[in-house]
Amino acid sequence: MKNRTLKLILAAVILIGMQTFAQEAQPIPEVEALLKKMTLEEKIGQLNLLTPGGGVATGSVVSKNVEEKIKAGNVGGLFGVTGPDKIRQAQEIAVKNTRLGIPLLIGSDIIHGYKTTFPIPLGLSSSWDMELIEKTAQIAAKEATADGINWNFSPMVDIARDPRWGRISEGAGEDPYLGSAIAKAMVTGYQQEDLTEENTMISTVKHFALYGAAEGGRDYNTTDMSRVKMFNEYLPPYKAAIDAGAESVMSSFNDVDGVPASGNKWLLTHLLREQWGFEGFVVSDYTSVNEMIAHGLGDLQAVSALSINAGLDMDMVGEGFLTTLKKSVDEGKVSEATITNACRRILEAKYKLGLFDDPYKYSDSKRPERDILTAANKEIARDAARKSFVLLKNENKTLPLDKTAKIALIGPLANNKNNMLGTWAPTGDPQLSTPIFEGLKNVAPNAEISYTKGANISNDTAYAKKINVFGPRIEISEATPETLLEEALQNAETADVVVAVVGEATEMSGESSSRTDITIPESQKTLIQELVKIGKPVVLVLMSGRPLDITEELALPVSILQVWHPGIQAGNAVADVLFGDYNPSGKLTASWPQNVGQIPVYHSMKTTGRPAPSAEFLKFKSQYLDTPNAPALAFGYGLSYTTFEYSNLKLSSKSIGQNEDVTVMVDVTNTGAYDGTEVVQLYIHDVVRSITPPMRTLKGFQKVSLKQGETKTVELTLKAEDLKFYNGSLEFISEPGEFEVFVGGDSNASLKETFILN
Ligand code: BGC
């Protein structure tokens, strides 16, 4: 009897467990059959991703003797190789020269477009346009697969709240709600419904996890945070990408709870697979397995064993798996079953792509001409760029400009191709981009435009050398800075309006490009200040891969249009906005600080126990002596040529039960002189809860287009799930009590309503 009860309890526990944890994946018979034929060495061979270094290598090593290694069955995938013919050759080596003829995964970093380069991801996120973002990913997949690639190392969904970190440019900014929506859009764009289609490729969500929280914003630095913060603020976008079906995950370089992600079993197995139900494969970041030696976790054999036992399936470039796993199996440090599991996941990915049916399905030499850099793709790039721009200031309504104006076009980025694509566009060709000068002439052929450089991006040759690793991004003119300035001032004197294109070079953001000073470089600051003194209206077209500290420029009588690095259609898109053919609608997705000392500053900060009630200094409140708490430019902020007014905020109910939704309605009116598009944003504040709530968090948004004078009622649904958070025991729950709802055009939205959750 006793025994039977025990068995019943056990069965119940197992059943409950099955409900909480994801269902086991169904085995794929073809893959199982293949696995049965494989030797241990052949299985280990599949776990290696090599690069011959043809592309841009992001580590200090590249793989040697790649062809021999493929023939020896030591390679599961390649990256840095493109073009249908080359890929066919590589597949032939694998298929015809190895015992089992297993084709290769062909990876690449396609971060913001393949050859049709779109704006950098931080820029794209500022469009708040999920359809557009999905479309850009879909086009990237179509172009990349035409060139032989079947696996993309994108999207990067790391939440970033430190603009010193150069890779903030590669993600969607500071917010997990928006970040999750973008993660989903990108994965869907790359993978679509069916991976066996020739136009789709495997998407990799990266960098799992917390890479964006590097201490001090220094790339590759340590991260450390509480689980509560992790679950509420940093993990949601990875989870959203996995829920959207991402087939692959890349482990990050950094520590998570003191163990680097690539060797972290809690992260790669317990959380990712057991709790989230991920069934795809995990690839390391570039040599991140080997880097655990430098982290202090042992020698190559030890860190490789740690990684595979933690749940990492594929070793990028490091060859630690290749050279040590057999030994670890012999010594009983790694089980053969663990290797088989990792190998199974990689074979399953190949199977899902249809590579076993046709290893050459991405090697159609007719496709590149048909699918890459088409006029339609470039049109989307232009649209994506103008939708990514954020109007930060419009002094005396200088913008839009008259198409017959006399324009002094000035600045080191004004007639420049090398910095238009932005960081991490190694598959794009900067020489195909439209410089701003050309774009202005295209869009306003009757304007009188004279160009002078005015300043170097930086005058510092040592600095320029660091930036110019992938090409001449900072070119220091032979002319002295004084001469450059003088020429520009003369140009400005005779013009109706000055357009100064200034900011960062492409590689001043991105990987390994952290800055401690995030102002506009000194040479250009001087140029701006001197131009203002001429007394003509000045428009700054500002390029950067991060939020900058532009406190000084904001205080000048200038207009500022933030254009990030706009991509292949840079000039045309900038001209569309400057001349009013497109009314800017972008909104910031990361707060812009007043200065670096304020970092981190983001919209969902907590009040603390000593909230500072105003910008005025009050002793013993949570404040700085020398800077207010608010950022210079808030999350969600961005102007238009028109103005919008919000009114009549209403909720469908003032009191709801658990699991009920609330409909939030607001009237938005275009009160200005142009048709325009607004990003309506919804924030909530959970007034009392068991862990301290953020002041406000984004929980909804909608883009709405309004003609002059038009009013629309916008409806946003606050779902029951939107009220939930991870409590101190990491349970995802909502707690009864009052909620405040704010709706408006940025994170300072003042229209407010409240409701009670019972
Ligand atoms: C980066 C990854 C990238 C990989 C391969 C690494 O250095 O962190 O984002 O996918 O290189 O290029």
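Residues numbered from 1 in each chain as written. Predicted model: local features only at pLDDT ≥ 70, side-chain atom pairs only at ≥ 80, totals over all residues. Heavy atoms only, no water.

A closer look at the overall build of the chain
Here comes step 1: A count of helical and extended segments in the chain gives 23 helices and 26 strands.
Here comes step 2: Taken over the C-alpha trace, the chain has a radius of gyration of 27 Å; the compact-globule value for 758 residues is 27 Å, and the two agree within 12%.
Here comes step 3: Taken along the three principal axes of its C-alpha coordinates, the chain extends 85 × 65 × 45 Å.
Here comes step 4: Of all 758 residues assigned to the chain, the portion counted as buried reaches 60%.
Here comes step 5: Surface accessibility of the chain: about 29100 Å² in total, with carbon and sulfur atoms responsible for 51%. (Helix = DSSP H or I, 4+ residues; strand = E, 2+ residues; numbered from the N terminus. Rg over C-alpha atoms; globule rule 2.2 N^0.38 Å. Buried < 20%, exposed > 50% of the residue type's maximum accessible area, 1.4 Å probe, protein only. Areas by Shrake-Rupley, 256 points an atom, 1.4 Å probe, with all protein chains shown as cover.)

Some points on the UniProt feature "domain: Fibronectin type III-like" (unreviewed entry) in the chain
Here comes step 1: Per the UniProt entry, the sites bearing "domain: Fibronectin type III-like" (unreviewed entry) are residues 678-747 in this numbering.
Here comes step 2: Helix makes up 0% of residues 678-747 and strand 56%, and the two end C-alpha atoms of the span are 14 Å apart. (UniProt positions renumbered as here; feature names shortened; annotations may be inferred.)

Some words on the packing of helix α9 (residues 227-234) against helix α10 (residues 236-243)
Here comes step 1: In the contact formed by α9 and α10, the axes pass within 6 Å of each other and the chain directions differ by 55°. The pairing of α9 with α10 is recorded here as oblique in orientation. Where α9 approaches α10, its residues Met 230, Phe 231, Asn 232, Glu 233 and Tyr 234 are matched on the opposing element by Pro 236, Pro 237 and Tyr 238.
Here comes step 2: Here the residues of the contact of α9 with α10 sort into six nonpolar, one polar and one charged. (Axes fitted to C-alpha atoms, helices over the stretch in contact; angles between N-to-C directions. Parallel < 35°, antiparallel > 145°, perpendicular 65-115°, else oblique. Contact = heavy atoms within 4.5 Å. Nonpolar A, V, L, I, M, F, W, Y, C, P; charged D, E, K, R; others polar.)

Quick word on the layout of surface pockets
Here comes step 1: Considering only enclosed or pocket space, the largest pocket measures out at about 1300 Å³ in volume.
Here comes step 2: Around the largest pocket, the lining is made up of 47 residues, and of these Tyr 177, Ser 180, Lys 699, Glu 721 and Asp 722 lie nearest the centre.
Here comes step 3: Elements with a contribution of two residues or more to the lining of the largest pocket: α8 (176-191), α9, α10, β20 (676-686), β21 (697-706), β22 (711-718) and β23 (725-726).
Here comes step 4: Sort the elements by how many residues they give to the lining of the largest pocket and β21 lands first, with seven residues.
Here comes step 5: Partitioning the lining of the largest pocket into residue classes produces 22 nonpolar, eight polar and 17 charged.
Here comes step 6: Each pocket or cavity is described by its volume, and for the second largest pocket that value is around 870 Å³.
Here comes step 7: As for the second largest pocket, its lining consists of 28 residues, of which Met 605, Lys 606, Asn 629, Ala 630 and Met 695 are closest to the centre.
Here comes step 8: Looking at the lining of the second largest pocket residue by residue, the classes come out as 15 nonpolar, eleven polar and two charged. (1 Å grid on protein atoms, 1.4 Å probe; cavity = no way out; pocket = protein on both sides within 12 Å on 5 of 7 lines; lining within 4 Å. Points joined across faces, edges and corners; volume = space filled by probe spheres on them.)

Some points on the sheet that holds strand β10 (residues 315-316)
Here comes step 1: One open sheet holds the eight strands; their spatial order is β9-β6-β5-β4-β3-β2-β1-β10, and the pairing between them is parallel. Across the chains shown, the open sheet's two edge strands, defined by having one partner strand only, are β9 (281-283) and β10. (Pairing = 2+ DSSP bridges.)

Side note on the side chain of Arg 164
Here comes step 1: Along the chain, Arg 164 turns up in the loop between β4 (151-152) and α8.
Here comes step 2: Among the polar contacts listed, one links the side chain of Arg 164 to the side chain of Asp 162, at a separation of 2.7 Å.
Here comes step 3: Apart from the residues within four sequence positions on either side, Arg 164 is in contact with Gly 216, Gly 217, Ser 513, Ser 514, Arg 515, Thr 516, Ile 518, Arg 546, Val 596 and Ile 599. (Polar contact = N/O pair within 3.5 Å; in protein donor to acceptor, adjacent residues only side chain to side chain.)

Overview of the nonpolar core
Here comes step 1: In terms of nonpolar packing, the biggest core is built from 78 residues, with Leu 47, Trp 151, Phe 208, Leu 235, Leu 267, Phe 281 and Met 316 touching the most fellow members.
Here comes step 2: Beyond its immediate chain neighbours, meaning those up to four positions away, Phe 281 contacts Leu 105, Trp 151, Ile 202, Glu 247, Ser 248, Val 249, Arg 273, Asp 313, Met 314, Arg 345, Ile 346 and Ala 349.
Here comes step 3: One finds Leu 413, Met 420, Val 497 and Ala 570 within the second-largest nonpolar core, a separate group that totals 41 residues. (Core = buried A, V, L, I, M, F, W, Y, C linked by side-chain atoms within 4.5 Å.)

Some thoughts on unusual backbone geometry
Here comes step 1: Across the junction of Ser 154 and Pro 155, the peptide omega takes the value 10°, indicating a cis bond.
Here comes step 2: Locating Pro 155 in the fold gives a position in the loop between β4 and α8.
Here comes step 3: With phi around 50°, Lys 397 is a residue other than glycine that occupies positive phi space.
Here comes step 4: Position of Lys 397 among the secondary structure elements: in the loop between β11 (390-393) and β12 (406-410).

Side note on α8
Here comes step 1: In this model α8 runs 22 Å from its N-terminal to its C-terminal C-alpha over 16 residues, within 8% of the 22 Å that 1.5 Å per residue would give.
Here comes step 2: Listed in full, the buried residues belonging to α8 are Pro 176, Leu 178, Gly 179, Ser 180, Ile 182, Ala 183, Ala 185, Met 186, Val 187, Gly 189, Tyr 190 and Gln 191.
Here comes step 3: With a side-chain oxygen lying 3.0 Å from the backbone nitrogen of Tyr 177, the N-terminal cap of α8 falls on Asp 175. (Expected span 1.5 Å × (residues − 1).)

Digging into the sheet that holds strand β19 (residues 662-670)
Here comes step 1: Read from one edge to the other, the open sheet built from three strands follows the order β17-β19-β22, with strand pairing classed as antiparallel. Each edge of the sheet is formed by a strand with only one pairing partner; in this case those strands are β17 (644-651) and β22. The sheet shows a mean angle of 25° between the axes of neighbouring strands, taken without regard to direction.

Digging into the pattern of salt bridges
It is possible for side chains bearing opposite charge to pair when their charged atoms get close.
Here comes step 1: If you walk through the whole model with that rule in mind, you get 42 salt bridges.
Here comes step 2: Among the charged side chains, a salt-bridge network with shared partners connects Arg 382, Asp 383, Arg 386, Lys 387 and Asp 576. (Salt bridge = Lys/Arg side-chain N within 4 Å of Asp/Glu carboxyl O.)

Considering the side chain of Arg 273
Here comes step 1: Note that Arg 273 resides in helix α11 (residues 265-275).
Here comes step 2: On the basis of relative accessible area, Arg 273 is assigned to the buried category, the value being 12%.
Here comes step 3: Reaching out from Arg 273, the side chain makes a polar contact with the backbone oxygen of Phe 278 at a distance of 3.5 Å.
Here comes step 4: Reaching out from Arg 273, the side chain makes a polar contact with the backbone oxygen of Gly 280 at a distance of 3.0 Å.
Here comes step 5: Beyond its immediate chain neighbours, meaning those up to four positions away, Arg 273 contacts Leu 268, Phe 278, Glu 279, Gly 280, Phe 281, Val 282, Gly 311, Asp 313 and Arg 345.

Brief notes about the packing of aromatic side chains
Here comes step 1: All chains considered together, the criterion is met by 19 aromatic pairs.
Here comes step 2: One aromatic cluster is present, built from ring pairs that chain together Phe 79, Trp 151, Phe 153, Phe 281 and Tyr 286.
Here comes step 3: The ring of Tyr 602 has Arg 161 lying over it, and the distance from NZ or CZ to the ring centre is 4.1 Å.
Here comes step 4: Against the face of Trp 266 rests Arg 227, its NZ or CZ located 3.6 Å from the ring centre. (Phe/Tyr/Trp six-rings, centres within 6.5 Å; stacked < 30°, edge-to-face > 60°. Lys NZ or Arg CZ within 6 Å of the ring centre and 35° of its normal.)

Details of the environment of Pro 237
Here comes step 1: Within the element layout of this structure, Pro 237 appears in helix α10.
Here comes step 2: Residue Pro 237 is classed as buried on the basis of its relative accessible area, which comes to 0%.
Here comes step 3: Each C-alpha atom, one on Pro 237 and one on Tyr 726, is 15 Å from the other, the two residues being 489 residues apart in sequence.
Here comes step 4: Not counting residues within four places of it along the chain, the set of residues in contact with Pro 237 comprises Val 157, Ile 159, Pro 176, Gly 179, Ser 180 and Ala 183.

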